[in-house]
Amino acid sequence: MLSYSFTLENFEYWLLILVRLASFFVAAPFFGQRGIPNRTKIGFALFISFLMYNIAERPEPNYVGVVGYGVVVLSEGITGLLLGLAANICNSIVLFAGSLIDMDIGLSMATLFNPDMGSESTITGSLYYYMVLLLLMASGIHEYLIRAIADSFTVIPTGHTLFQWEHLMDSMLTYFKDLFVLGFRIFLPVFACIMILNCVLGVMAKVAPQMNMFAVGMQLKIIVGYLVLLFTVLVLPNAADKIFAEIRKMVVFFAEGMY
């Protein structure tokens, strides 16, 4: 039977739980999208916090006074933000791959404003971003994120976060390494076809120098590039699986750096 009779001490623990959850949902993918109203995010964080109130462990407090409690609240907010950031930065992999593709086929100057990222992104990057996001939602990314933040209260007890900055820095370096590896894997089919096309255009420029290969090549690169994207669209589920695995990996790495 659930009991929600609050004392001042219990309210302090509940507030710490709420701060971590709210910070996580602000930074996490899918939940932190700007298209989702702030009232919905706050209401969802409140709902989950009431559920976690009777589940989360309640260790002895390690703060004294209002200032100490404020420091603990701040550390809980940073904990939630870092866990959400660990999951959210993995979406940059498809944006990076899309920017490489558009640069190779000649559409790097055609950019769109991505409201979720709060910055401009290329056409192919935005296309890949939303397609992979839909595939992640179909794979249950929202369920995994809720389980991850719920399990974080067991791994990182409330009010007892210990930031290991060297480990967090190593996690970021690992992410950047995986960013380039996975990004170039997605970009590789387009790169190979465009390289072959450039070789063909170079031979044609020698055989028929009267033709303007610059004008012809720009149009051919766009056509060939999008034909390759059309034929490789079936590979996107595999790319989404790799990004899902990267999200799980980064969440675990960042959590290990906070206890």
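Above this text is the structure in question.
The present account deals with the structure reproduced in this document. (Residues numbered from 1 in each chain as written. Predicted model: local features only at pLDDT ≥ 70, side-chain atom pairs only at ≥ 80, totals over all residues. Heavy atoms only, no water.)

**Some points on the overall build of the protein chain**
- When you go through the protein chain residue by residue, the secondary structure sums to nine helices and two strands.
- In sequence order, the protein chain lays out its α and β elements as α-α-α-α-β-β-α-α-α-α-α.
- Here the protein chain has a C-alpha radius of gyration of 23 Å; the compact-globule value for 259 residues is 18 Å, and the former is much larger.
- For the protein chain, the spread of C-alpha atoms along the three principal axes comes to 85 × 35 × 30 Å.
- Across the 259 residues that make up the protein chain, the buried fraction comes to 43%.
- A separation of at least 24 residues holds for 83% of the contacts in the protein chain among residues at least 6 apart in sequence.
- Of the accessible surface of the protein chain, which amounts to about 14000 Å², a share of 71% is contributed by carbon and sulfur atoms.
- Separation of charge centres in the protein chain, based on 13 positive and 17 negative side chains, amounts to 9 Å. (Helix = DSSP H or I, 4+ residues; strand = E, 2+ residues; numbered from the N terminus. Rg over C-alpha atoms; globule rule 2.2 N^0.38 Å. Buried < 20%, exposed > 50% of the residue type's maximum accessible area, 1.4 Å probe, protein only. Contact = heavy atoms within 4.5 Å. Areas by Shrake-Rupley, 256 points an atom, 1.4 Å probe, with all protein chains shown as cover. Lys, Arg positive; Asp, Glu negative; His and termini not counted. Charge placed at Lys NZ, Arg CZ, Asp CG, Glu CD.)

**Quick look at the packing of helix α3 (residues 65-88) against helix α9 (residues 236-256)**
- At a minimum axis distance of 8 Å, the contact between α3 and α9 shows a crossing angle of 155 degrees. Considering their axes alone, α3 and α9 lie roughly antiparallel with respect to each other. Here α3 and α9 pass one another in a crossing that is right-handed. Side by side, α3 and α9 meet where Leu-82, Leu-83, Ala-86 and Ala-87 of the first sit next to Ile-247, Met-250, Val-251, Phe-254 and Ala-255 of the second.
- Residue composition of the contact of α3 with α9, grouped by class: nine nonpolar, no polar and no charged. (Axes fitted to C-alpha atoms, helices over the stretch in contact; angles between N-to-C directions. Parallel < 35°, antiparallel > 145°, perpendicular 65-115°, else oblique. Left-handed = near helix turned anticlockwise from the far one by under 90°. Nonpolar A, V, L, I, M, F, W, Y, C, P; charged D, E, K, R; others polar.)

**Some thoughts on helix α6 (residues 141-155)**
- Along its 15 residues, α6 runs 20 Å from first to last C-alpha, staying within 8% of the 21 Å computed at 1.5 Å per residue.
- By the burial criterion, the buried members of α6 are Ile-141, Tyr-144, Leu-145, Ala-148, Ile-149, Ser-152 and Phe-153. (Expected span 1.5 Å × (residues − 1).)

**Quick look at the nonpolar core**
- Membership of the largest hydrophobic core comes to 63 residues, with the highest contact counts inside it found for Tyr-144, Leu-145 and Ile-247.
- Once residues within four sequence positions are removed from consideration, Ile-247 is found in contact with Ala-87, Cys-90, Leu-136, Ile-141 and Tyr-144. (Core = buried A, V, L, I, M, F, W, Y, C linked by side-chain atoms within 4.5 Å.)

**Examining the environment of Gly-202**
- Mapping Gly-202 onto the fold places it in helix α7 (residues 165-207).
- Separated by 155 residues in the primary sequence, Gly-202 and Phe-47 place their C-alpha atoms 63 Å from one another.

**Quick word on the packing of α7 against α9**
- With their axes 9 Å apart at the nearest point, α7 and α9 run at an angle of 175 degrees to one another. Here α7 is positioned roughly antiparallel relative to α9, judged by the angle of their axes. Contacts from His-167, Leu-168, Ser-171, Met-172, Thr-174, Tyr-175, Asp-178, Leu-182, Arg-185 and Ile-186 of α7 reach α9 at Ala-239, Lys-242, Glu-246, Lys-249, Met-250, Phe-253, Phe-254 and Glu-256.
- Of the residues contributing to the contact of α7 with α9, the split by class is nine nonpolar, three polar and six charged.

**A short note on helix α4 (residues 92-105)**
- For α4, which comprises 14 residues, the first-to-last C-alpha distance of 20 Å matches the rise-based estimate of 20 Å (1.5 Å per residue) to within 8%.
- Along α4, ten of the 14 residues are buried, which leaves the element largely enclosed by surrounding structure.
- Taken as a whole, α4 has its buried residues at Ile-93, Val-94, Leu-95, Phe-96, Ala-97, Gly-98, Leu-100, Ile-101, Asp-102 and Ile-105.
- A positive phi of about 95 degrees marks Gly-106, the residue just after α4.

**Quick look at the environment of Val-200**
- Residue placement: Val-200 occurs in helix α7.
- With relative accessibility at 42%, the residue Val-200 sits in the partly exposed group.
- Taking the C-alpha atoms as reference points, Val-200 and Gly-217, 17 residues apart in sequence, are found 9.9 Å from one another.

**Examining the environment of Gly-217**
- Residue position: Gly-217 is located in helix α8 (residues 213-231).
- Residue classification places Gly-217 among the buried positions, given a relative accessible area of 6%.
- Linking Gly-217 and Gly-202, residues 15 residues apart in sequence, is a C-alpha distance of 9.9 Å.

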